[in-house]
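Fold and geometry: a report
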Amino acid sequence: MRSFFFIYILFSTYCIAQNNSYLHKEVEKITVKYDTLWDANKETIVFTGSSSIRMWRNLHEIFPQYQIINSGFGGSKTTDLLGYTDELILKYKPKKVFIYEGDNDISSKMKPNDILDNYNKIIAKINQYDLNTKIVIISVKPSIARWKLRRKYKYLNKKLKLLCDANPNLAYANVWDIMFENKKLRTNIFVSDGLHMNGEGYNLWHSVIKNYID
């Protein structure tokens, strides 16, 4: 049964990976970049997921004592990360993986249970490769542009936290709460599109993520 499940995952992810040529090109750029930068002899921490990770460009500066791979790819969903787990995560043999996905999934009207199912498949692939790899799931963030979806995001975050609480190899990093002040969304932490964050927004994220890096 275990071997059948693994074959099913491989077949499913192969099909997913073939469906989006734009993302395929972006993934190729990431792998080419780190072919020259990644040192296989050093312990590695991977940050991956959608554009909120891709645009966190100073990860190497704020965590200088670690070898950081930023394999975030814009516009991605859990289905996409599942399709590229080998290229964006496993290739770098990480001791820890930070994942941010779900934002675009909800925006694309994907059901929370389907998102959770994809997360479980991603986790299963990582565990199949190395059971000792720690995985940190970053909560979905609120934003001005997608404020109308906030209840769905909060519901997904509850599901993600429950998933992490049930597995000692998982951790849940809550960046949702820090993005509010006096119960109101901080509007000065976003760029002009109201979706992506500016430097101040990433400073808030850093204040949370630094507690999970070791």
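Presented here is a report on the structure given in the accompanying data block. Keep in mind that what you see is a predicted model, and the values were worked out from it rather than measured. (Residues numbered from 1 in each chain as written. Predicted model: local features only at pLDDT ≥ 70, side-chain atom pairs only at ≥ 80, totals over all residues. Heavy atoms only, no water.)

So, about the layout of surface pockets. The computed volume of the largest pocket comes to approximately 270 Å³. Around the largest pocket sit 13 residues that line it, and Lys154, Asn157, Trp176, Asp177 and Phe180 are the ones nearest its centre. The biggest single contributor to the lining of the largest pocket is helix α9 (residues 150–165), with six residues. In the lining of the largest pocket, the residues fall into four nonpolar, two polar and seven charged. A volume near 210 Å³ is recorded for the second largest pocket. (1 Å grid on protein atoms, 1.4 Å probe; cavity = no way out; pocket = protein on both sides within 12 Å on 5 of 7 lines; lining within 4 Å. Points joined across faces, edges and corners; volume = space filled by probe spheres on them. Helix = DSSP H or I, 4+ residues; strand = E, 2+ residues; numbered from the N terminus. Nonpolar A, V, L, I, M, F, W, Y, C, P; charged D, E, K, R; others polar.)

Our focus in this paragraph is empty space enclosed by the protein. All chains considered together, the criterion is met by one cavity of 30 Å³ or more. By volume, the largest cavity amounts to about 30 Å³. Together, Ser50, Ser51, Ser52, Tyr100, Asp103, Asn104, Lys141, Arg146, Leu195 and His196 line the largest cavity. Of all the elements in the fold, those that place two or more residues in the lining of the largest cavity are α3 (51–54) and α7 (103–107).

In this section: the nonpolar core. If you look at the biggest cluster of nonpolar residues, it comprises 63 residues, and the most contacted ones within it are Phe47, Ile138, Trp205 and Ile209. Dropping the residues within four chain positions of it, Phe47 is found in contact with Ile53, Trp56, Leu59, Phe63, Ile68, Ile69, Asn70, Ser71, Gly72, Phe98, Ile209 and Ile213. (Core = buried A, V, L, I, M, F, W, Y, C linked by side-chain atoms within 4.5 Å. Buried < 20%, exposed > 50% of the residue type's maximum accessible area, 1.4 Å probe, protein only. Contact = heavy atoms within 4.5 Å.)

Scanning the entire structure with this criterion turns up eight salt bridges. Between Lys91 and Asp35 there is a salt bridge, and its shortest N-O distance comes to 2.9 Å. Placement of Lys91 in the loop between α6 (85–88) and β3 (96–100) and of Asp35 in helix α2 (residues 21–37) is noted, with a sequence separation of 56 residues between them. Look at Lys91 and you get partly exposed, because its relative accessible area is 32%. Among the ionic pairs, Lys95 bridges to Glu43, the shortest N-O distance being 3.2 Å. Of the two residues, Lys95 sits in the loop between α6 and β3 while Glu43 sits in the loop between α2 and β1 (44–49), which places them 52 residues apart along the sequence. Judged by relative accessible area, which is 32%, Lys95 ranks as partly exposed. (Salt bridge = Lys/Arg side-chain N within 4 Å of Asp/Glu carboxyl O.)

Strand order in the open sheet made by the five strands is β2-β1-β3-β4-β5, with parallel pairing throughout. Looking along the sheet, the strands with just one partner apiece sit at the ends: β2 (67–70) and β5 (170–173). When strand polarity is set aside, the average angle formed by the axes of neighbouring strands in this sheet is 20 degrees. Pairing geometry for strand β4 (residues 134–138) and β5, over four bridges, is parallel. Bridged to Ile135 within β5 is Leu170. (Pairing = 2+ DSSP bridges. Axes fitted to C-alpha atoms, helices over the stretch in contact; angles between N-to-C directions.)

What follows covers the packing of helix α8 (residues 112–129) against α9. Packing of α8 against α9 leaves a shortest axis separation of 10 Å and a crossing angle of 35 degrees. Here the hand of the crossing between α8 and α9 comes out right-handed. On α9, the residues that touch Pro112, Asn113, Ile115, Leu116, Tyr119, Asn120 and Ile123 of α8 are Tyr155, Leu156, Lys159, Leu160 and Leu163. Classifying every residue of the contact of α8 with α9 by side-chain character gives nine nonpolar, two polar and one charged. (Left-handed = near helix turned anticlockwise from the far one by under 90°.)

Turning our attention to the environment of Pro112. On the secondary structure map, Pro112 appears in helix α8. Residue Pro112 is classed as buried on the basis of its relative accessible area of 18%. Taking the C-alpha atoms as reference points, Pro112 and Gly201, 89 residues apart in sequence, are found 25 Å from one another. Discounting residues that sit within four places of it in the chain, Pro112 has contacts with Ile106, Tyr155 and Leu156.

As a further point, take the pairing of β4. It is a general feature of regular strands that their side chains alternate between the two faces of the sheet. Among the five residues in β4, four count as buried, and that is most of the element. Bridge count between β3 and β4: four bridges; the pairing is parallel. In the strand pairing of β4, Lys96 is matched with Lys134. Handedness of the crossover joining β4 and β5 through α9 is recorded here as right-handed. (Right-handed = clockwise from strand over helix to strand, strands pointing away.)

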